[in-house]
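Summary of structural features
Read off the chains here:
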Amino acid sequence: MVPLSYYLVLSGILFACGVTGFLIKRNIITIFMSIELMLNGVNLSFVAFAAHWHVLAGQVFVFFVMVVAAAEAAVGLAIIIAVYRTRETLNVDQVNLLKL
Amino acid sequence: MTQNPYLWLIPTLPLAGAAINGFLGRRSSKTAVTTIALAFPGLAFALALWIALGFSSSAAPYVFNLAHWIRSGNFSVDFAFYLDQLSLVMLLVVTGVGFLIHVYSVGYMSDDPSYYRFFTYLNLFMFFMLTLILANNYLVMFIGWEGVGLASYLLIGFWFQKDSAASAGKKAFIVNRIGDFGFLIGLFLIIQHFGSLNFTEVFSKVEPLQAETSGAGLLTTIGILLMVGACGKSAQIPLYVWLPDAMEGPTPVSALIHAATMVTAGVYMVARSHVIFERAPIALTVVAIIGTLTALFAATIGITQTDIKKVLAYSTVSQLGYMFMACGVGAFSAGIFHLMTHAFFKGLLFLGAGSVIHAVGGEQDMRKMGGLKTYIPTTFATMLIATAAIAGIPPLAGFWSKDEILWKAYEANPIYWAIGAITAFITSFYMFRLLFMTFWGDYKGIQVDDHGHAHATHGHGEHGHGEPHESPMVMLVPLMVLALLSLVGGLVGIHNGFEHFLEPVFGGEFPAAVTEGHGNTELLLMGISVLFSLAGLFVAYVLYVSKPYLPQKIAASLGAFYEAVLNKYYVDEIYAKLFVKPLVDGSTAILWQGVDRKVIDDTVNNVADGAKHVSDEVRHMQSGNLRSYAGWIAAGAAVVIAYMVYLGVGR
């Protein structure tokens, strides 16, 4: 049986990849995918703990996260399209109208 | 004590008039404004007469408790009204003379664009004055006291476009504040020591106290403080300076507020507090000395004034001095008697002066008048009666009351009498001077029309040219009624009738004067004062009718003294140097530049500046850059996790 720590390390690597991608990438689509990566990193640790402790709550939680992620993807992509239509760019550094 | 449920209506009626005209007057027609302005004070007068008819000299005071006002521990104050013989006299004078002056104003103010505003203020004044008179405690009296001050301020500054009128209003208000300060402190002392402000209660607690003959005590202090208040309101030394300036207001205002009613409020208040004053001989002496000095001082200034209203203003100050002299020697009823007759003849003099000013197109300088008796005979006749009355020529009103005061003053101290008699001579002189300068000789006004424009705001600008003309009937009828009152108003004083009427209020503390008053001495004194009056008349005739070149020679020979009197003894200038300038400078340097700008403004500004600086630094966090936000979130999360690991959460 694969020990718990393996899953957790993989989960950590996935999350760190997500954070790094989120911080260094300028394209909104890439940032968006980085968020999904972070969510899935967390999901992995949830199911790993659930299997390890034999508690179903972790498994159920993952479904919730997936639903939210799906909804977020729908809304997020809509926003991205709206942004692209007005700004004609997907570079977040140029989407800074809120700056003082 | 009898309950009288109609008492509260008397002050409230003029208030209703003021409210209606104040809120709706701008859009109503002039007729409607006139109707309301006259109807409500007229109704108040009718009601006052009706109440007076049911009130004989032996009647117990009428009271009416309108509402509770203050309840605080043992201390309580009610909105309550109180009518005894003293307030009844005041009530009839104020409503009666007040109503006549309202009627007169309809004619006098008819051309003024702010017609409705004038009557709003006038009715408001009536409300406060009646509140003052009918109060049953010092606090309700104080409402009226302050209220008439407000109405006086509004009406002095009625033509506020004129700078002089606006500042005269301010001066009156501020000088009155000084007096009110003394009055208030006096009231606080009364509350502290007698636990009430109700006249009946306070006086019943004061009555058993011993007179403070040996030294000044509580009652003396209270008395002097109340007198400070009276000095402010009734224009006595040292606070008289506002009254001559108050002549900037329309002439009916000068007649109503600054001659007949409001300025006598101080006399009324002292007379009302007679129980306190009678037990404080030192305070009474102060009252008498202030009154005597003011009478003489103001009369001498009156000699040199050339503005017809200014002469009357100083005359008012002087006559008020007489009233205080009477109160000061304990002859309160004589003071109130003079108050009443003075309201008749001085109201008449002012209204007559208004009629003269109206006739000559807004001119107030007597040197530019003269010869008016053929142009305006009715005004002349009524003015003649009033002048004779104030000069003390028998059997007119002023003779009786002035004689009464002088006799009482003689009994107290012949020095008061001597000064009073000299003042009577001066009064007679300057009043006949006014009469001769205005009505005798030749009219000098036609060639002088360069002053017409200066008075255009008076609403008389269109009369600036041509012959002097008589005023309309609406102005003449009040003159005639007041002339009649000045003729016969003094007769109520025969056989001490007036004094007997007021006896329930003032008591019979001075029986000697009542019973054996009319001895040979009094007749002698009476003769002397009549002689003095006639002498004043004669001197004025010589100087201003038969030898009109003399006054300038006399003035020249007096030199510096004449200059000083002409400039009102430089009192205004001295006050400006002594009090006004240090106050203004101190306020500018310390309060404005020091406290306001350095402390208050700088504190506020520094707080705001500090917030701005901090924000300037912090706002860089809010870059609008999505990735920097993400970086902050990540860094923050890292810090939180690191801290939790450090604490060992979950271990």
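Look a little higher up for the structure.
Let me sum up the structure you'll find in this document. This one's a predicted model, so the numbers in the text were calculated from it and none came from an experiment.

Rules of the game
Residues numbered from 1 in each chain as written. Chains lettered and ligands numbered in written order. Predicted model: local features only at pLDDT ≥ 70, side-chain atom pairs only at ≥ 80, totals over all residues. Pairing = 2+ DSSP bridges. Helix = DSSP H or I, 4+ residues; strand = E, 2+ residues; numbered from the N terminus. Axes fitted to C-alpha atoms, helices over the stretch in contact; angles between N-to-C directions. Parallel < 35°, antiparallel > 145°, perpendicular 65-115°, else oblique. Left-handed = near helix turned anticlockwise from the far one by under 90°. Nonpolar A, V, L, I, M, F, W, Y, C, P; charged D, E, K, R; others polar. Expected span 1.5 Å × (residues − 1). Buried ≥ 20, exposed ≤ 12 C-beta atoms within 10 Å, placed from the backbone. Contact = placed C-beta atoms within 7 Å.

1. Some thoughts on the sheet that holds strand 2 (residues 62–72) of chain B
Strand pairing in a sheet is mediated by backbone hydrogen bonds. Such pairs are either parallel or antiparallel. Residues and elements named next belong to chain B. The three strands are arranged 1-2-3 in an open sheet whose pairing can be described as mixed. Two strands in the sheet have a free side with no partner beyond their single neighbour: strand 1 (2–3) and strand 3 (75–83). Note: strand 2 against strand 3, nine bridges, orientation antiparallel. Residue pairing for strand 3: His68 is matched across the bridge by Asp78.

2. Some details on the packing of helix 1 (residues 4–24) of chain A against helix 2 (residues 28–53) of chain A
Any two packed helices are characterised by how steeply their axes cross, that is the angle between the axes, and by the distance between the axes. Residue and element names in this part refer to chain A. Across the interface, helix 1 lies against helix 2 with an axial gap of 8 Å and an inter-helix angle of 165 degrees. Accordingly, the angle class assigned to the pair helix 1 and helix 2 is roughly antiparallel. Of the two possible hands of crossing, helix 1 and helix 2 adopt the one that is left-handed. A breakdown of the residues in the contact of helix 1 with helix 2 according to their chemical character gives 16 nonpolar, nine polar and no charged.

3. Section: helix 16 (residues 377–391) of chain B
Residue and element names in this part refer to chain B. In a regular helix each residue adds 1.5 Å, so 15 residues correspond to 21 Å; helix 16 covers 21 Å between its end C-alpha atoms and thus fits that length. Across the 15 residues that make up helix 16, a large majority, eleven, are buried. Taken as a whole, helix 16 has its buried residues at Thr379, Phe380, Thr382, Met383, Ile385, Ala386, Thr387, Ala388, Ala389, Ile390 and Ala391. In this fold, the buried residues of helix 16 make contact with helix 14 (308–328), helix 15 (332–359), helix 17 (397–412), helix 18 (414–439), helix 19 (473–488) and helix 22 (520–546). Just past helix 16, the residue Gly392 takes up positive phi, approximately 85 degrees.

4. Here we look at the packing of helix 3 (residues 85–108) of chain B against helix 10 (residues 251–260) of chain B
Residues and elements named next belong to chain B. Contact pair helix 3 / helix 10: the axes reach a minimum separation of 9 Å and the direction vectors enclose 165 degrees. What the angle tells us is that helix 3 and helix 10 run roughly antiparallel. Pair helix 3 / helix 10 crosses with left-handed handedness. From helix 3, Val97, Gly98, Ile101, Tyr104, Ser105 and Tyr108 reach across to helix 10, where they touch Thr251, Pro252, Ala255, Leu256 and Ala260. The class makeup of the residues in the contact of helix 3 with helix 10 is eight nonpolar, three polar and no charged.

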